[in-house]
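Working through the structure, step by step
If you want the building blocks of each chain, they are given just below.
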Amino acid sequence: MFTFAADGRASGRTTTMACAAALHALGEATLSELASATGLSRPTVKERLAELPHLVEVTSGAEHGESPTPSGGRPASRFRFRGRHGFVIGVEIGKHDERILVCDIGGRVLHVGRHHDPEPRSGRDRISAFRGRLDHVVTAMRATHGSWLGLGISLTGGIGPNGRISYAPHYPDLQGLSPAEAGLVFGNVPLIVEHDLNAAAIAEHAYGAARGADTFALALAWHEVAAGVVLDGKIHRGSRNLAGELNLIDDCPPAPAHWADVESFLPVLEAAHRGDPQKQEEVDAFAARAARHIAYLSLAIDPELVVLGGPLAHHQALVERITAHLNAMMRKAYPVKLAVTEHPTFGPALGALQLALTHAFGTLLGDPAFPARIDVRSLHSAP
């Protein structure tokens, strides 16, 4: 990934970025390991890392319990990112759930927070309460991990071309407001606001079922499908930032009232699982609506795969019914490859965290394409 041609034409800036990227990917490494990863000489790697004293620290191999070399020399020095230089935060603000993730600039996850509020709230009330919880997190992080370098927030809906919240189905009082007017701006901390499904698609592309796919959709396993769309490796927004919002199509009879949210529909899934034939028919009707929208989306963008996301994506019976209906609808075209999200709980927050970390490195290193990575292993064990 980081290797250069032997003619030495790569600029100093380019090689510095390569050394930084290799170290960030490895987490911690010796000069020899970094030279092998980049294809650069050991002296060049050492010179380039010396240009980043605020981001890179050097430790002795002896600190890691390494023995002297056979000739009696000191153990090789090791390099690592100064994680305590700063941290970034990624957030999902949903209808009833809020999730906060924090990582340092080395990509190590420092905090995993969840909050559930079953009561209906206005958007302003939800954000006000969120700010209070975030203040506690930031205070703790600043004491141990330096500066707050960025905030990514994912919302149901998103920011329109004019920079204002264009579509907020759960919080209509926020529609038309700028992020500052909605209370999402925190001092001078760089802020990125993203549609929750776009953020989930970013997470799935980097760390989930869509790794290696350049064109795919992250679609809600729901009777009214909304999706984050990635074309040629980039989020596709459309002229009004409404790409993927198939739930806005009014092409079916009104859905039953208890299909309005996950909590009220779950009893139907549970009864169907127990063998209730009437509920099984209802789940089939639910799946048929979902499959219709996914079929429309698939023929519009011709994706490599469609990743099913949301809280129902891991209900096997529902996924099987969606798959069966989708295959029947697409029999004149091609079978659509379906996958299930690997980040059903933290996908939108993880995507927002990735955006914040990438932006932070763009500022710290002057390279907006720096391949910042997050160690997501702790999220798989989070409750």
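Everything here concerns the structure above.
Read on for a plain summary of the structure. (Residues numbered from 1 in each chain as written. Predicted model: local features only at pLDDT ≥ 70, side-chain atom pairs only at ≥ 80, totals over all residues. Heavy atoms only, no water.)

As a further point, take the pairing of strand β3 (residues 78-81). Here strand β1 (residues 28-30) pairs with β3 via three bridges, running antiparallel. In the sheet register, Ala29 faces β3, and the bridge partner there is Phe79. Direction of pairing for strand β2 (residues 56-59) relative to β3: antiparallel, over a ladder of four bridges. Within β3, the position partnered with Val56 by the bridge is Phe81. (Pairing = 2+ DSSP bridges. Helix = DSSP H or I, 4+ residues; strand = E, 2+ residues; numbered from the N terminus.)

Attention shifts here to helix α2 (residues 31-38). The complete set of buried residues in α2 reads Leu31, Leu34, Ala35 and Thr38. Looking straight down α2, one finds its buried side chains confined to an arc of 100°; they lie on one side. Positioned one or two residues after α2, Gly39 has a phi angle of 80°, which is positive. (Buried < 20%, exposed > 50% of the residue type's maximum accessible area, 1.4 Å probe, protein only. Arc of directions from axis to C-beta.)

Next up on the list: the environment of Leu326. Within the secondary structure, Leu326 sits in helix α8 (residues 316-329). Among residues more than four places away in sequence, those in contact with Leu326 are Ala291, Ile294, Ala295, Val336 and Leu338. (Contact = heavy atoms within 4.5 Å.)

When the terminal C-alpha atoms of α8 are compared, their 20 Å separation across 14 residues agrees well with the 20 Å that a helix rising 1.5 Å per residue should span. What α8 keeps buried is the set Leu318, Val319, Ile322 and Leu326. With its buried residues spanning 95° around the axis, α8 presents them on a single face. (Expected span 1.5 Å × (residues − 1).)

Burial of strand β14 (residues 305-309) is extensive: five of the five residues sit out of reach of the surface. Bridge count for strand β11 (residues 216-220) against β14 is five bridges, and the pairing is parallel. Note that in β14 the partner of Leu218 across the bridge is Val307. Inspection of the sheet shows β14 paired to strand β15 (residues 338-340) by three bridges, in the parallel sense. Each bridged residue has a counterpart across the sheet, and for Leu308 the counterpart in β15 is Val340. The parallel pair β14 and β15 is bridged by α8, and the resulting crossover is right-handed. (Right-handed = clockwise from strand over helix to strand, strands pointing away.)

So, about the sheet that holds strand β5 (residues 97-104). Hydrogen bonds along the backbone pair up the strands of a sheet, which may run parallel or antiparallel. In space, the five strands of this open sheet follow the order β6-β5-β4-β7-β10, with mixed pairing throughout. The open sheet terminates on both sides in strands that have one partner only, identified here as β6 (109-116) and β10 (191-195). Across this sheet, the average inter-strand angle for adjacent strands is 15°, counted without regard to direction. Pairing between strand β4 (residues 86-93) and β5: seven bridges, direction antiparallel. Among the inter-strand pairings, Glu92 is bridged to a residue of β5, identified as Arg99. The strands that helix α4 (residues 123-145) touches are β4, β5, β6 and β7 (147-155); relative to β4, the one it contacts most, it runs at about 160°. Of the strands in this sheet, β4, β5, β7 and β10 touch helix α9 (residues 347-365), which is tilted by about 150° from β4. (Axes fitted to C-alpha atoms, helices over the stretch in contact; angles between N-to-C directions.)

Reading across from one edge, β1-β3-β2 is the order of the three strands in this open sheet, with antiparallel pairing throughout. The open sheet has two edge strands with one neighbour each: β1 and β2. For this sheet, the mean angle separating the axes of adjacent strands, direction not counted, is 30°. Helix α1 (residues 12-26) rests against β1, β2 and β3 of the sheet, and its axis sits at about 90° to β3. Along the sheet, α2 contacts β1 and β3; its crossing angle with β1, the most-contacted strand, is approximately 95°.

What follows deals with the nonpolar core. Core analysis: the biggest nonpolar cluster contains 41 residues, and Leu350 and Ile374 have the highest contact counts within it. Secondary structure elements with two or more residues in this core: α1, α2, α3 (42-50), β3, β5, α5 (196-207) and α9. In terms of residue count, α9 provides more of this core than any other element does, eight residues in total. Trp222, Ala227, Val268 and Ala295 belong to the second-largest nonpolar core, a separate cluster that totals 33 residues. (Core = buried A, V, L, I, M, F, W, Y, C linked by side-chain atoms within 4.5 Å.)

All right, on to the layout of surface pockets then. For the largest pocket, the calculated volume is near 1100 Å³. His170, Asp196, Leu220, Val262 and Pro311 are, among the 40 residues lining the largest pocket, the residues nearest its centre. Of all elements in the fold, only β5, α5, β11, α6 (262-273) and α9 reach the threshold of two or more residues within the lining of the largest pocket. Sorting elements by how many residues they give to the lining of the largest pocket places α5 first, with four residues. Its residues assigned to classes, the lining of the largest pocket comprises 16 nonpolar, 14 polar and ten charged. (1 Å grid on protein atoms, 1.4 Å probe; cavity = no way out; pocket = protein on both sides within 12 Å on 5 of 7 lines; lining within 4 Å. Points joined across faces, edges and corners; volume = space filled by probe spheres on them. Nonpolar A, V, L, I, M, F, W, Y, C, P; charged D, E, K, R; others polar.)

Here the focus is empty space enclosed by the protein. For the coordinates displayed, the defined rule picks out one cavity of 30 Å³ or more. Around the largest cavity sit Ile93, Leu155, Thr156, Gly157, Gly158, Ile165, Tyr167, Ala168, His170, Tyr171 and Leu174, which together line it. Looking at side-chain class alone, the lining of the largest cavity contains seven nonpolar, four polar and no charged residues.

This paragraph deals with the pattern of salt bridges. Under the counting rule described, the total for this entry stands at 17 salt bridges. Across the salt bridge formed by Glu28 and Arg78, the nearest N and O atoms sit 3.0 Å from each other. Placement of Glu28 in strand β1 and of Arg78 in strand β3 is noted, with a sequence separation of 50 residues between them. A relative accessible area of 24% means that Glu28 is categorised as partly exposed. Taking the relative accessible area as the measure of exposure, Arg78 reaches 13% and is therefore buried. Linking Arg133 and Glu98 is a salt bridge whose minimum nitrogen-to-oxygen distance equals 2.8 Å. Placement of Arg133 in helix α4 and of Glu98 in strand β5 is noted, with a sequence separation of 35 residues between them. By relative accessible area, Arg133 is classed as partly exposed at 25%. (Salt bridge = Lys/Arg side-chain N within 4 Å of Asp/Glu carboxyl O.)

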